[in-house]
Amino acid sequence: MMRIGQGFDVHAFGDGDHIMLGGVRVPHSQGVVAHSDGDVAIHALCDAIFGALALGDIGRHFPPSQERWRDAESRIFLRHAATLMREQGYAIGNVDITVICELPKVGPHAQAMRECIAEELSCEVDRVSVKATTTEKLGFTGRGEGIAAQACVLLVLA
Ligand SMILES: Nc1ccn([C@@H]2O[C@H](COP(=O)(O)O)[C@@H](O)[C@H]2O)c(=O)n1
Ligand SMILES: C[C@@]1(CO)OP(=O)(O)OP(=O)(O)OC[C@H]1O
């Protein structure tokens, strides 16, 4: 049997000089406003995995009300999602992530993001896709107010 999941996340830009994307530090003229490190790609992917397993969402597993997750590295959220996936007898079929922002340019960092995500999921890099798009200057991403990501995952029996 296979299970499919999708996730979506948004964070506003704020003070700072970099953002975390797919576990990779990406230089930018701003940071993001978040309880954790605000990695939208990983948050969307965690929600996709939790969704595929019907285990709720990232806020249920890592409540923003808990101080222990302040400034947390989102990689640890993904590591936990992968552990739950394995406990239920599943492995990654494939992952497809789209990051939505005008800037920063994601393309130059996509390979490093794929490698980081594959490492946390214990899967081959060619099972992980990272893409990016602008919204042609439209909407909150178009105005440079924030960044969004969506993720799809297919889980297969291990
Ligand atoms: N933050 C981004 C946005 C886009 N890209 C790359 O540019 C291509 C064209 O984007 P459009 O929104 O104009 O279609 C897109 O396919 C990505 O390859 C990017 O790297 N980072
Ligand atoms: C990741 C968590 C951790 O407390 O907080 P944020 O970094 O604010 O990110 P969000 O995408 O709002 O997900 C909710 C939380 O689980």
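What counts, and where the lines are drawn
- Residues numbered from 1 in each chain as written.
- Chains lettered and ligands numbered in written order.
- Predicted model: local features only at pLDDT ≥ 70, side-chain atom pairs only at ≥ 80, totals over all residues.
- Heavy atoms only, no water.
- UniProt positions renumbered as here; feature names shortened; annotations may be inferred.
- Pairing = 2+ DSSP bridges.
- Helix = DSSP H or I, 4+ residues; strand = E, 2+ residues; numbered from the N terminus.
- Contact = heavy atoms within 4.5 Å.
- Axes fitted to C-alpha atoms, helices over the stretch in contact; angles between N-to-C directions.
- Core = buried A, V, L, I, M, F, W, Y, C linked by side-chain atoms within 4.5 Å.
- Buried < 20%, exposed > 50% of the residue type's maximum accessible area, 1.4 Å probe, protein only.
- Expected span 1.5 Å × (residues − 1).
- 1 Å grid on protein atoms, 1.4 Å probe; cavity = no way out; pocket = protein on both sides within 12 Å on 5 of 7 lines; lining within 4 Å.
- Points joined across faces, edges and corners; volume = space filled by probe spheres on them.
- Nonpolar A, V, L, I, M, F, W, Y, C, P; charged D, E, K, R; others polar.
- Disulfide = S-S within 2.5 Å.

The protein appears in an unreviewed UniProt entry as 2-C-methyl-D-erythritol 2,4-cyclodiphosphate synthase from Dyella koreensis. In its Catalytic activity (unreviewed entry) section, UniProt records this for the protein: "4-CDP-2-C-methyl-D-erythritol 2-phosphate = 2-C-methyl-D-erythritol 2,4-cyclic diphosphate + CMP".

Participant: With reference to specific residues and values, describe the sheet that holds strand β5 (residues 90-100).
Facilitator: Pairing within the open sheet is mixed, and its five strands lie in the order β4-β1-β7-β5-β6. At either end of the open sheet lies a strand with only one pairing partner, and these are β4 (31-32) and β6 (128-133). Pairing analysis gives six bridges linking β5 to β6, with the strands arranged parallel. Bridge pairing in β6 links D96 to S129. Where helix α1 (residues 40-52) meets the sheet, it contacts β1 (2-14), β5 and β7 (146-157), and its direction lies at approximately 150 degrees from that of β1.

Participant: So what about the nonpolar core? Which residues, and what values?
Facilitator: Ranked by internal contacts, the top residues of the largest apolar core, which has 48 residues, are L21, L45, I49, V99, L121 and I147. When contributions to this core are tallied by element, the ones reaching two or more residues are β2 (18-21), β3 (24-27), α1, α3 (75-87), β5, α4 (110-121), β6 and β7. The leading source of residues in this core is α1, at 10 residues. Setting aside anything within four residues of it in sequence, one finds I49 in contact with L78, A81, M85, L121 and V153.

Participant: Got a sec to walk through α1? Specific residues and values, please.
Facilitator: With 13 residues, α1 ought to run about 18 Å at 1.5 Å a step, and its terminal C-alpha atoms sit 18 Å apart, in line with that. α1 sits mainly inside the fold: 12 of its 13 residues count as buried. Of the residues making up α1, those classed as buried are V40, A41, I42, H43, A44, L45, C46, D47, A48, I49, F50 and A52. Among the residues trailing α1, A54 stands out with phi positive, at a value near 55 degrees.

Participant: I'd like a description of the layout of surface pockets, backed by residues and values.
Facilitator: Quantified by volume, the largest pocket comes out at close to 190 Å³. Only β1 and α2 (58-61) provide two or more residues apiece to the lining of the largest pocket. In the lining of the largest pocket, the residues fall into six nonpolar, five polar and one charged.

Participant: Give me the state of the cysteines: which residues, what numbers.
Facilitator: Per the stated rule, a full pass over the model turns up zero disulfides. Considering cysteine sulfurs only, C116 is the nearest to C123, which forms no disulfide, with 11 Å between them.

Participant: Describe the pairing of β2, and please don't skip the residues or the numbers.
Facilitator: Judged from the four bridges that link them, β2 and β3 form a sheet pairing that is antiparallel. Within β3, the residue paired with M20 across the bridge is R25. Hairpin connection of β2 to β3: two residues between the antiparallel strands, including G22 at a positive phi of 60 degrees.

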